[in-house]
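Each chain is listed here by its residues.
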Amino acid sequence: MKTVLITGATSGIGMEFARALASEGYGLILTGRRTERLLALKDELDTDCRIITADLADEAQCRKLLEDVADTEIDVFINNAGFGAVGSFLETDLDKEITMIRVNDVAMHILFKGILQRMHARGGGAILNVASSAGLLPGGPYMAAYYASKSYVVSLTKAVATELREQGSKVYVGCLCPGPVDTEFNRVADVVFSLKGISARQCVAECLAGMKRRKTVIVPTAKMKLAVFFGRFVPDKLMLKITAGQQKKKYSN
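Every chain begins its residue count from 1, and numbering advances along the sequence as written. Only residues with pLDDT of at least 70 get local features here, since the model is predicted, and only at 80 or more are side-chain atom pairs given and counted; chain-wide, interface and lining totals rely on the full set of residues. Only heavy atoms go into the side-chain values, all of them from the structure, while hydrogens and water stay out.

### Here's the deal with the nonpolar core
Within this scheme, the nonpolar core is defined by two criteria: the residues are buried Ala, Val, Leu, Ile, Met, Phe, Trp, Tyr or Cys, and they are joined through side-chain atoms within 4.5 Å. Three labels apply to residues, based on accessible area from a 1.4 Å probe with only protein chains included: buried if under 20% of the type maximum, exposed if over 50%, partly exposed otherwise in between. Counting 44 residues, the largest nonpolar core has Leu 56, Phe 77, Phe 112, Ile 115, Leu 116 and Ile 127 as the members making the most contacts within it. In this structure, Leu 28, Val 76, Val 130 and Ile 218 belong to the second largest nonpolar core, which totals 33 residues.

Structure follows, in structure tokens:
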């Protein structure tokens, strides 16, 4: 049985990846901070399922997670853990932003590198880094740190994917860049989306189809693909102004 490691599996996109891949016959290693949610998901799924509780904002726990799975052959890694924050950069909470960067970027980087090195040495595997359509834009006024954190994920993934192709590696690396998705992200970031979101199930289904085609950047839904494509032709100054207007609408009442 092939094995999938999923971070941030306690809700939203991570939980839907667990359900989808369990239905395809994969064994799972699920990680997150909330043990009770992981255990409930394990009880729901009809597959071998290992639970590892970890807070990925803590670098030591990231490295410990790599040690915990060192003896397991990981075939697919869904590098999903992350969260956001909204507000004027002058007013947003610094501690929350630094924690966000630790999860969205530092933990993502540590786990990406550690699992990738093992897969490359073994001669195969697949890694998906979960980013956001925010990471494809020049910046995100009023969600400045979040957009920057997801730009890091996109940039790193695209660069590493190119290196692997040039080196003839059989490891696939891609990143998921969805628009709004209806998950707990809204509550954690303290926002309400100004655009209608898609379900986590639809997001995951389209992502898995893209992974099978070995796409480096996966953008779910035709509407969002068109928005990203035509956005390339909009000057950065105008795009930043448009984005600022959308982010202001996200403030919760």
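### Details of a nonpolar patch on the surface
Within the patch definition used here, like charges are joined within 9 Å and nonpolar side chains (Val, Leu, Ile, Met, Phe, Trp, Tyr) within 5 Å, considering only residues with over 30% relative accessible area and no salt bridge. Method for areas: the Shrake-Rupley scheme with a 1.4 Å probe, in which residue coverage is limited to the protein chains shown. A carboxyl oxygen of Asp or Glu within 4 Å of a side-chain nitrogen of Lys or Arg is what we treat as a salt bridge. There is a patch of nonpolar side chains on the surface, built from Leu 94, Ile 98, Ile 101 and Val 106 and spanning about 300 Å² of accessible area. Checked against the element boundaries, Val 106 lands in helix 4 (residues 94-122). A run of H or I in DSSP becomes a helix once it reaches four residues, and a run of E becomes a strand once it reaches two; helices and strands are each numbered from the N terminus.

### What to know about the state of the cysteines
In a disulfide, the sulfur atoms of two cysteines are covalently bonded to one another. The disulfide criterion used throughout: a pair of cysteine sulfur atoms within 2.5 Å. The tally for this structure, following the rule as stated, stands at 0 disulfides. Sulfur of Cys 62: no disulfide; nearest cysteine sulfur belongs to Cys 175 and is 20 Å away.

### Thoughts on the packing of aromatic side chains
Between 30 and 60 degrees the pair is tilted, below 30 it is stacked and above 60 it is edge-to-face, where a pair is any two Phe, Tyr or Trp rings, Trp via its six-membered ring, whose centres lie within 6.5 Å. Considering all chains together, one arrives at 3 aromatic pairs under this definition. Measuring from ring centre to ring centre gives 5.1 Å for Phe 229 and Phe 230, while their planes differ by 80 degrees; the resulting arrangement is edge-to-face. Here Phe 229 and Phe 233 contribute two aromatic rings whose centre-to-centre distance is 5.4 Å and whose plane-to-plane angle is 75 degrees, an arrangement assigned as edge-to-face. Put simply, the rings of Phe 229, Phe 230 and Phe 233 touch in pairs and so form one group of aromatic residues.

### Some thoughts on the pattern of salt bridges
It is possible for side chains bearing opposite charge to pair when their charged atoms get close. Evaluation of the coordinates by the stated rule reveals 7 salt bridges. Between Glu 16 and Arg 201 there is a salt bridge, with the nearest N and O atoms lying 4.0 Å from each other. Of the two residues, Glu 16 sits in helix 1 (residues 12-23) while Arg 201 sits in helix 7 (residues 200-212), which places them 185 residues apart along the sequence. Linking Glu 44 and Arg 19 is a salt bridge whose minimum nitrogen-to-oxygen distance equals 2.7 Å. With a gap of 25 residues between them, Glu 44 in helix 2 (residues 35-44) and Arg 19 in helix 1 connect regions that are remote in the sequence. Arg 19 sits in the partly exposed class, given a relative accessible area of 27%. Salt bridges sharing common partners tie together Glu 16, Arg 19, Glu 44 and Arg 201.

### Some details on the pairing of strand 3 (residues 49-53)
Both strand 2 (residues 27-32) and strand 3 contribute to a ladder of 5 bridges, which runs parallel. Each residue of the ladder has a partner; that of Thr 31, found in strand 3, is Ile 52. For a crossover, the right-handed case is the one in which the path from the first strand over the helix to the second runs clockwise, viewed with the strands pointing away from the viewer. In the classification by handedness, the crossover that spans strand 2, the intervening helix 2 and the parallel strand 3 is right-handed. Whether two strands pair comes down to DSSP finding at least two bridges between them.

### Looking at the side chain of Ser 149
Mapped onto the elements, Ser 149 comes out in helix 5 (residues 144-166). Judged by relative accessible area, which is 1%, Ser 149 ranks as buried. We call two residues contacting when some pair of their heavy atoms lies within 4.5 Å. Setting aside chain neighbours within four positions, we find Ser 149 in contact with Asn 104 and Asp 105.

### What to know about the side chain of Thr 47
With respect to the element layout, Thr 47 can be found in the loop between helix 2 and strand 3. In terms of polar contacts, Thr 47 uses its side chain to reach the backbone carbonyl oxygen of Tyr 26, at 2.7 Å. Residue contacts for Thr 47: discarding those within four places in its chain leaves Met 1, Ala 22, Tyr 26, Gly 27 and Leu 28. For this analysis, a polar contact is any N or O atom pair within 3.5 Å, provided that within protein one partner can donate a hydrogen and the other can accept it, and provided that sequence-adjacent residues contribute only side-chain to side-chain pairs.

### Looking at helix 3 (residues 59-68)
Note on helix geometry: an α-helix contains 3.6 residues per turn, so any two residues three or four positions apart are oriented the same way. Of the positions making up helix 3, those classed as buried are Cys 62, Leu 65 and Leu 66. One face of helix 3 carries all of its buried residues, which in axial projection span an arc of 100 degrees. Close packing links the buried residues of helix 3 with strand 2, strand 3 and helix 4. At the N-terminal end of helix 3, a side-chain oxygen is found 2.9 Å from the backbone nitrogen of Ala 60, two or three residues along, and the residue is Asp 58. Of all possible arcs, the one meant is that of the directions from the helix axis to the C-beta atoms.

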